[in-house]
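Examination of the molecular architecture
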Amino acid sequence: MIRSAMMIGLAVATAVGGCQQRAAPQGLSPSPATEAFEAEREAMVREQLQARDIRDARVLEAMRRVPRDRFVPEPFRRHAYSDEPLPIGRGQTISQPYVVAFMAAALKLRGEERILEVGSGSGYAAAVLSLLGSEVYGIEIEKDLYDRSVVTIGGLGYPNVHLRWGDGFRGWPEKAPFDAIVLSCAAERIPDPLWAQLADGGRLLYPRGSAEDIQELVLVTKTREGRREERLAPVRFVPMRRQ
Ligand code: SAH
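So, here's what we can say about the structure. Just so we're clear, the structure is a prediction, and the values are computed from it rather than from any experiment. (Residues numbered from 1 in each chain as written. Predicted model: local features only at pLDDT ≥ 70, side-chain atom pairs only at ≥ 80, totals over all residues. Heavy atoms only, no water.)

**A short note on the site of the ligand**
Among the 25 residues in the neighbourhood of the ligand, the closest are listed as Glu117, Ser122, Glu140, Gly168 and Arg241. In the environment of the ligand, a nitrogen atom lies 3.3 Å from a nitrogen or oxygen atom belonging to the backbone of Gly119. Backbone polar atom of Ile141 to a nitrogen atom of the ligand: 3.3 Å apart, as the coordinates give it. Bound to the protein, the ligand loses 100% of the 580 Å² it would expose on its own. Listed by contribution, the elements that provide at least two residues to the shell around the ligand are strand E2 (92-94), strand E3 (114-118), helix H4 (124-130) and strand E4 (135-140). (Near = heavy atom within 4 Å. Polar contact = N/O pair within 3.5 Å; in protein donor to acceptor, adjacent residues only side chain to side chain. Areas by Shrake-Rupley, 256 points an atom, 1.4 Å probe, with all protein chains shown as cover. Helix = DSSP H or I, 4+ residues; strand = E, 2+ residues; numbered from the N terminus.)

Here it is, written out as structure tokens:
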């Protein structure tokens, strides 16, 4: 896995991927206490986000507030604020904090947006986005991950996060249009249903490319004339699968 300062990425965690952990019994977690995590989260914001190029105050505040440790399976919880993606089971990963913040900042959210996330995984990015827009709709194809994300999100209380198990390729037509759509998995091109569900003036952010390639993160704005495209950064995400 190639990673450099210029390379932001959600690694396919081959070394430790595919893990299927049992949830630790409630209240018996050997993890550091909540206060210790707060200090780690503050350091993460300072050292991984502010020290790089994340300036958006709302994004920084959201990253300060969402407890990433609660979205990470117990064996990896002590690494929750490290500068890397972590396995969440089923061979999938929770993105590096910097990637989540970078993508959230790229969407330039103001607070009123209805947001669709394809590949909501652990629910972490959805929770961050929910503090930046008005409603977040997350779709996850892996049933186990979806089930766990519902418990995590429900336990923490993010009333404006709505989760669904299914193939995000088809979007969530009943809830369209969306002001922002973000793909947390890579696709060769924008699925037609997702483009159709994007509001006029809306923004769609996705890692473009295949599993083998280095992908690029692309921001596409739906305009009256068609589309405007900005290529933001090389990335590496898990591929979008079909059901
Ligand atoms: N945003 C997530 C990152 C999860 S990784 C988080 O914060 O934890 C990307 C996720 O995309 C994986 O969980 C994978 O199962 C999911 N995925 C892949 N193809 C999909 C599809 N067609 N529809 C919905 N989810 C998909």
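**Topic: the environment of Ala187**
Considering the arrangement of structural elements, one finds Ala187 in the loop between strand E6 (178-183) and helix H6 (192-196). Looking at Ala187, the relative accessible area reads 7%, which means it is buried. It is 6.4 Å that separates the C-alpha atoms of Ala187 and Pro239, two residues lying 52 residues apart in sequence. In this structure, Ala187 is in contact with Tyr206, Pro207, Arg208, Gly209 and Met240, ignoring residues within four places of it in sequence. (Buried < 20%, exposed > 50% of the residue type's maximum accessible area, 1.4 Å probe, protein only. Contact = heavy atoms within 4.5 Å.)

**Remarks on helix H2 (residues 57-65)**
Those residues of H2 that sit buried are Val59, Leu60, Ala62 and Met63. In a view along the axis of H2, the buried residues occupy a sector of 160 degrees, so they form one face of it. Those residues of H2 that are exposed and aimed more than 90 degrees away from the buried face are Ala57 and Arg65. On its buried face, H2 is in contact with helix H1 (34-50), helix H3 (97-106) and H4. For H2, the N-terminal cap is Asp56; the gap from its side-chain oxygen to the backbone nitrogen of Arg58 is 2.9 Å. (Arc of directions from axis to C-beta.)

All quantities given are derived from atomic positions and should not be read as evidence of function.
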